[in-house]
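Geometric and topological summary
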Amino acid sequence: MNYFICQEVLNWTSLSYSSILNNENIKECYDYLNHAESLIVDFDDKFHTQDSIKNLKLVIDKRIKQIERIYNFKSYFPRQHILETYQKLGIVKGLIIKKLFSIRNEIEHNELDYTNKEQCRDLLDTVWYFLKSTDGLVYTANTDIELCEDEENETNWIAINLKSPQYELVNIRGRVKKSFLTTEKSKDKLELENIKITQMPKELIYFEGNIVLNDKQKVLIAKKLFIDKQY
């Protein structure tokens, strides 16, 4: 028998996190960013300005590949542009970066004679902020979180444990009032399976098992576990 618990528990106060180190090379993106900057600082012709745009686009591509290798956020909204997905998740504002993509495509495919060094400098700053905003995601991934309904009174708490940031297996355990768990399914509840329940005093229970997540709930946990903690 599967049980259900209101997904409102994901809004409880975060008490602690545990993280794993990722094996991505953060420095590589900054090496390409520095090269893009040198192309517009050290030279004063359209060819180097255009090459700078191409390198800035390359920096974004490399960082997106790093993020996706770890989290596979694209699977949340497979029909969307990846930057739109990041915007929904609250990782980054994607409109200016999409402008960079548009300029680069015009240069690459329509032979745009691009000479706007001032705009290029602005895009350089934008890409730098994008890297800074996502360094934490790439460097570490939070895979464990403990949540408490009330910091002053830790009667009700849950802990969520992920085998990996891509939700290969999501474990849950906690101590809550017996009424928190139900066998009635609804769209605003987390579905729990393989649940073991231990009766405790004062109408409390201790439970442990696994969570069955839909796509919307994956987004909620991603924001709570991976993204919110980065800032």
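To be clear, the structure that these remarks concern was listed above.
Summary of the structure given here.

The next point concerns the packing of helix α2 (residues 46–71) against helix α5 (residues 117–139). Taken N-terminus to C-terminus, the directions of α2 and α5 make an angle of 15 degrees; their axes are 10 Å apart at the nearest point. Compared by their axis directions, α2 and α5 come out roughly parallel. Taken as a pair, α2 and α5 cross one another with a handedness that is left-handed. Across the interface between the two elements, T49, S52, I53, L56, V59, I60, R63, I64, Q66, I67, I70 and Y71 of α2 pack against K117, C120, L123, L124, V127, F130, L131, T134, D135, L137 and V138 of α5.

What follows concerns helix α6 (residues 215–227). In an α-helix, one turn spans 3.6 residues, which is why side chains three or four residues apart end up on the same side. Along its length, α6 shows its largest kink, about 25 degrees, at I221. Taken together, the buried positions of α6 are occupied by Q217, V219, I221, A222, K224, L225, F226 and I227.

This part takes up the sheet that holds strand β1 (residues 3–6). Strand pairing in a sheet is mediated by backbone hydrogen bonds. Such pairs are either parallel or antiparallel. Ordered by their spatial adjacency, 7 strands build an open sheet running β1-β6-β7-β5-β4-β3-β2, and the pairing between neighbours is antiparallel. Across the chains shown, the open sheet's two edge strands, defined by having one partner strand only, are β1 and β2 (13–21). Between one strand and the next, the sheet's axes are offset by a mean angle of 30 degrees, whatever the strand orientation. Pairing analysis gives 7 bridges linking strand β6 (residues 189–199) to strand β7 (residues 204–212), with the strands arranged antiparallel. Within β7, the residue paired with L192 across the bridge is I211. Packing against the sheet, α5 makes contact with β2 and β3 (140–148), and its axis sits at approximately 85 degrees to β3.

For the rest of this paragraph, the subject is the side chain of N161. By the secondary structure assignment, N161 is in strand β4 (residues 157–162). Within the structure, N161 has its side chain in polar contact with the side chain of D144 (distance 2.7 Å). Excluding residues that lie within four positions of it along the chain, N161 makes contacts with T143, D144, L169, V170, N171 and R173.

What counts and how
- Residues numbered from 1 in each chain as written.
- Predicted model: local features only at pLDDT ≥ 70, side-chain atom pairs only at ≥ 80, totals over all residues.
- Heavy atoms only, no water.
- Axes fitted to C-alpha atoms, helices over the stretch in contact; angles between N-to-C directions.
- Helix = DSSP H or I, 4+ residues; strand = E, 2+ residues; numbered from the N terminus.
- Parallel < 35°, antiparallel > 145°, perpendicular 65-115°, else oblique.
- Left-handed = near helix turned anticlockwise from the far one by under 90°.
- Contact = heavy atoms within 4.5 Å.
- Bend = angle between axes of the 7 residues up to and from the residue.
- Buried < 20%, exposed > 50% of the residue type's maximum accessible area, 1.4 Å probe, protein only.
- Pairing = 2+ DSSP bridges.
- Polar contact = N/O pair within 3.5 Å; in protein donor to acceptor, adjacent residues only side chain to side chain.

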